[in-house]
Amino acid sequence: MSPAGVCACPPTPPPARDAGDACHGSTRPAMGGAHWGPLRREWVKLLFAWRTYVIWGGLAAIPFLIALALYISDRGPGPGEGPPFLSRVLDNGLYVPVSALASLLLVLLPLVAAVLGSYMIAGEAEIGTLRAILLRPQSRGSLIVSKWIVAVLTLFVGLALVVAAGIAFGALFFGLEPLVTLSGTTVSVAEGIGLIVLTALFALAAMACMISLALLFSTMTNSSLTALIATFVVYIVVQVLVSFSFFDWLEPYVFSSYFGDYINFFRDPIAWRPIGEALLVFGLWSAGLTIVAWLLFRRKDIVS
Amino acid sequence: MRPEATEARTEEPAARPEGAERDGRAAILSTRGLTKDFGRLRAVDGLDMEVCAGDVFGFLGPNGAGKTTVIRLVLGLIHPTSGYAEVAGHRVPGELRAALRHVGGFVDDPTFYPLMSARRNLRLLGSMTGPVSEERIAEVLEIAGLSDRADSRVGGFSHGMKQRLGIAQALLHAPQLVVLDEPTSGLDPRGMKDVRELVRELGRSGVTVFLSSHLLHEVQQVCTRAAIIDRGRVIVQGPVAELRPQGLTVRVVTDDQTRAAETARSLYGPRAVAEDDGALVVQAGDDVPELVRRLVADDLDVRSVVPATEQGLEEYFLELTGRGAAGEEGESGGAPAEAAAEDGPAAEDGPAARSRSRYTPAPEWRTPAAAAPARDESRASSAPEAHGGAGGRRR
């Protein structure tokens, strides 16, 4: 050891690099480039969580259960009862994914979106990996964005499973027939499937708002359960509020008011205007909430 | 008193640190006026600290002293209320990402994704800094002694294995600075020994290690320099070789311990003598020969007089951090070190005062208590010699 106060070591060489693009130990790169790396990492993390498979499995099971229940009972709900199109399932299996999406859109999909969003930051804080991530040289902004994108992608896979399972079980139990629109016209099976895919994408855009809301709460707490509850409380409270005529003025500004606008895909011709308005509202809410989440997370002290 | 301590304290937080290079070595980590408030609680209070390249730097303090908060500040996990840290020449928090490219480590317990294997965890975490090869991953797993468990799920790892994996991930990018927050916490003796040996090995290989610990002997075993922090303030910092009380504490065994205790108390005062497991523990300072002479003169059969270094170190620590008897007395009067200084020979006379005065920091160690009055002077003069004899050591 050096004597007191005397440093005998040679001067420290300047940092060899700042860019961090050299591969330690070999020239073989790992985990992709600067842009896709964060997305790929978040995706890998999701694939190593049981929660992801439970969500996907649960979503895929819904159309199966709808088809099975109607097949066994051989009696659908009367017109106007239950989710849209449910009464038509017995006649045409192509309505299975539509009615599954319609029934999911009110409660289960918002819940799934809230689970995904609330886990993104608070869940990592819970298990302590958030500080491990933030000890690495990546920006908090790119972390938030990549987590949001991956949550949306996870839900996209879930919705794809709903559509695929709905079509498969609809075909299996009831067969696929040309689809009758709300306007009374008939479209081919292929066109019908196209409308169902559009409905699923619309649902994804709607749920992006829920993911953003949950992500916002996720940056405000170190408990994913707290973030989930907060998200759902806000969602329910808003739903209750807009059900009163006194709060009618609020309705155009609330994203959940537009959840049912997918129905316009099933008019002939498709009513694009309300769909466009709904997508605009979804986009504004998603962007706004995610930006606020980023602003909060940017300055957040990580003490978990 | 070391002059650079005073210089550091005279800097305004916005200025570049003058102590960025000392004794031919660059400061790889330094803090200037680093302060953090959590509401009304001041967790870190104007911290000035410097770690030179090549140091194995011990960061000592009792639980709740603010060690982990300082590490979080230095690594950008939390934002300072005022002041800044500088890591490998990059200002934190301003240039955090550039700074973190040169740092590896963990805060609190190292954490991983439980369903992933050790190898996959390293691959994932490592890729956040930059590309890392499979060979390098295997290499750090080998260093941490985890090669045989590389493909096991981390969820099944023991605490010690996670600690070692934490060190492995810290080393992935061959960082210039490795920050380890109580790496032996919760380990069994074998695990502690392994980790300490690993830290020593890192130090020998030229890596700068910043080791937070509340274990004095651990810091003594593995570190070359250290700082002691309490209540968010650095009390002393300097070479570990001098991290001990200036005077000597000895364990004395005679044929009549009662009479021996009376003799020792008459020499050093009642507070300098304690009984421990049949032996007298005497804070004898440099007067051990005198103690022995007096015991023999009192017709006592002196059977053994051995240094009680560890105990002296503990007392030193407690004294500095204000947790000991003298420190608690001093709490009402301000910072512990200041209280200790006030309680020194000038404030009191007699053996008790002498026994306490032995626990004032060694001359090479920097104390805010001594540096504080010099701060204002140096603002006017910036004269290192104003701060004690150690000024002559500056190169």
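Remember, it's a predicted structure, so these values are computed and weren't measured experimentally.

A look at helix α6 (residues 140-174) of chain A
Reasoning step 1: Across its 35 residues, α6(A) extends 50 Å between first and last C-alpha, which sits within 8% of the 51 Å expected from 1.5 Å per residue.
Reasoning step 2: Count one or two residues on from α6(A) and you reach G175(A), which has phi positive near 80 degrees.

A look at the nonpolar core
All names here are of chain A.
Reasoning step 1: Within the largest apolar cluster, 166 residues are counted, with the highest numbers of intra-cluster contacts made by V162 and A203.
Reasoning step 2: With 16 residues, the top contributor of residues to this core is helix α7 (residues 189-220).
Reasoning step 3: Excluding anything up to four places from it in sequence, V162 contacts L59, A60, I62, P63, P97, A100, L101, L104 and A200.

Concerning the sheet that holds strand β13 (residues 273-276) of chain B
Residues and elements named next belong to chain B.
Reasoning step 1: Pairing in this open sheet of four strands is antiparallel, and the strands run β13-β14-β12-β15 from one edge to the other. Only two strands of the sheet have a single partner each, and these edge strands are β13 and β15 (302-307). Each adjacent strand pair in this sheet contributes to an overall mean axis angle of 30 degrees, direction not counted.
Reasoning step 2: Bridge analysis of strand β12 (residues 248-254) against β15 gives five bridges, and the strand direction is antiparallel. The residue bridging V252 from the neighbouring strand is V305, located in β15.
Reasoning step 3: In the packing of helix α9 (residues 257-268) onto the sheet, contacts are made with β12, β13 and β14 (279-285), and the angle to β14 comes to roughly 20 degrees.
Reasoning step 4: Here helix α10 (residues 288-297) sits on the sheet and contacts β12, β14 and β15; the angle it forms with β15, its principal contact strand, is near 165 degrees.

Here's the deal with the packing of helix α4 (residues 118-127) of chain B against helix α6 (residues 159-171) of chain B
Two quantities define a packed helix pair, namely the angle between the helix axes and the distance between the axes.
Residues and elements named next belong to chain B.
Reasoning step 1: Contact geometry of α4 with α6 gives a least axis separation of 10 Å together with a crossing angle of 35 degrees. The handedness of the crossing between α4 and α6 is right-handed. Contacts between α4 and α6 involve A118, L122, L125 and G126 from the former and L165, A168 and Q169 from the latter.
Reasoning step 2: Split by residue class, the contact of α4 with α6 holds five nonpolar, two polar and no charged.

What about the packing of helix α2 (residues 50-73) of chain A against helix α3 (residues 95-104) of chain A?
Residues and elements named next belong to chain A.
Reasoning step 1: At a minimum axis distance of 9 Å, the contact between α2 and α3 shows a crossing angle of 115 degrees. Two packed elements cross with a definite hand, and for α2 against α3 that hand is right-handed. From α2, I62, P63, I66 and A67 reach across to α3, where they touch V96, P97, S99, A100 and L104.
Reasoning step 2: Broken down by class, the residue content of the contact of α2 with α3 amounts to eight nonpolar, one polar and no charged.

Looking at the confidence of the model for chain A
Reasoning step 1: On average, residues of chain A score 86 in pLDDT, and 87% of them reach the 70 mark or higher.
Reasoning step 2: Between residues 1-32 of chain A, whose pLDDT stays under 50, and residues either more than four places distant or in other chains, the model counts 77 contacts.

Observations concerning the pairing of strand β11 (residues 233-239) of chain B
Residue and element names in this part refer to chain B.
Reasoning step 1: Summarising burial for β11: seven of the seven residues are buried, a large majority.
Reasoning step 2: The pairing of strand β10 (residues 225-230) with β11 spans six bridges and is classified as antiparallel. Along β11, the bridge assignment pairs A226 with G238.
Reasoning step 3: Two successive antiparallel strands, β10 and β11, enclose a turn made up of two residues, where R231 displays a positive phi of approximately 50 degrees.

Regarding α9(B)
All names here are of chain B.
Reasoning step 1: Its 12 residues give α9 an end-to-end C-alpha distance of 16 Å, which sits within 8% of 16 Å, the value for a rise of 1.5 Å per residue.
Reasoning step 2: Buried residues of α9: A260, T263, A264 and Y268, and no others. The buried residues of α9 occupy one face: seen down the axis, they fall within an arc of 110 degrees.
Reasoning step 3: Taken from the residues just after α9, G269 is the one with a positive phi, measuring 95 degrees.

Brief notes about the environment of E275(B)
Residues and elements named next belong to chain B.
Reasoning step 1: Among the structural elements, E275 can be located in strand β13.
Reasoning step 2: Exposure remark for E275: the 11 C-beta atoms within 10 Å place this residue in the exposed category.
Reasoning step 3: Considered as a pair, E275 and R251 are 24 residues apart in the sequence and their alpha carbons are 9.0 Å apart.

Parameters and conventions
- Residues numbered from 1 in each chain as written.
- Chains lettered and ligands numbered in written order.
- Predicted model: local features only at pLDDT ≥ 70, side-chain atom pairs only at ≥ 80, totals over all residues.
- Helix = DSSP H or I, 4+ residues; strand = E, 2+ residues; numbered from the N terminus.
- Expected span 1.5 Å × (residues − 1).
- Core = buried A, V, L, I, M, F, W, Y, C linked by C-beta atoms within 7 Å.
- Buried ≥ 20, exposed ≤ 12 C-beta atoms within 10 Å, placed from the backbone.
- Contact = placed C-beta atoms within 7 Å.
- Pairing = 2+ DSSP bridges.
- Axes fitted to C-alpha atoms, helices over the stretch in contact; angles between N-to-C directions.
- Left-handed = near helix turned anticlockwise from the far one by under 90°.
- Nonpolar A, V, L, I, M, F, W, Y, C, P; charged D, E, K, R; others polar.
- pLDDT = per-residue confidence, 0-100.
- Arc of directions from axis to C-beta.

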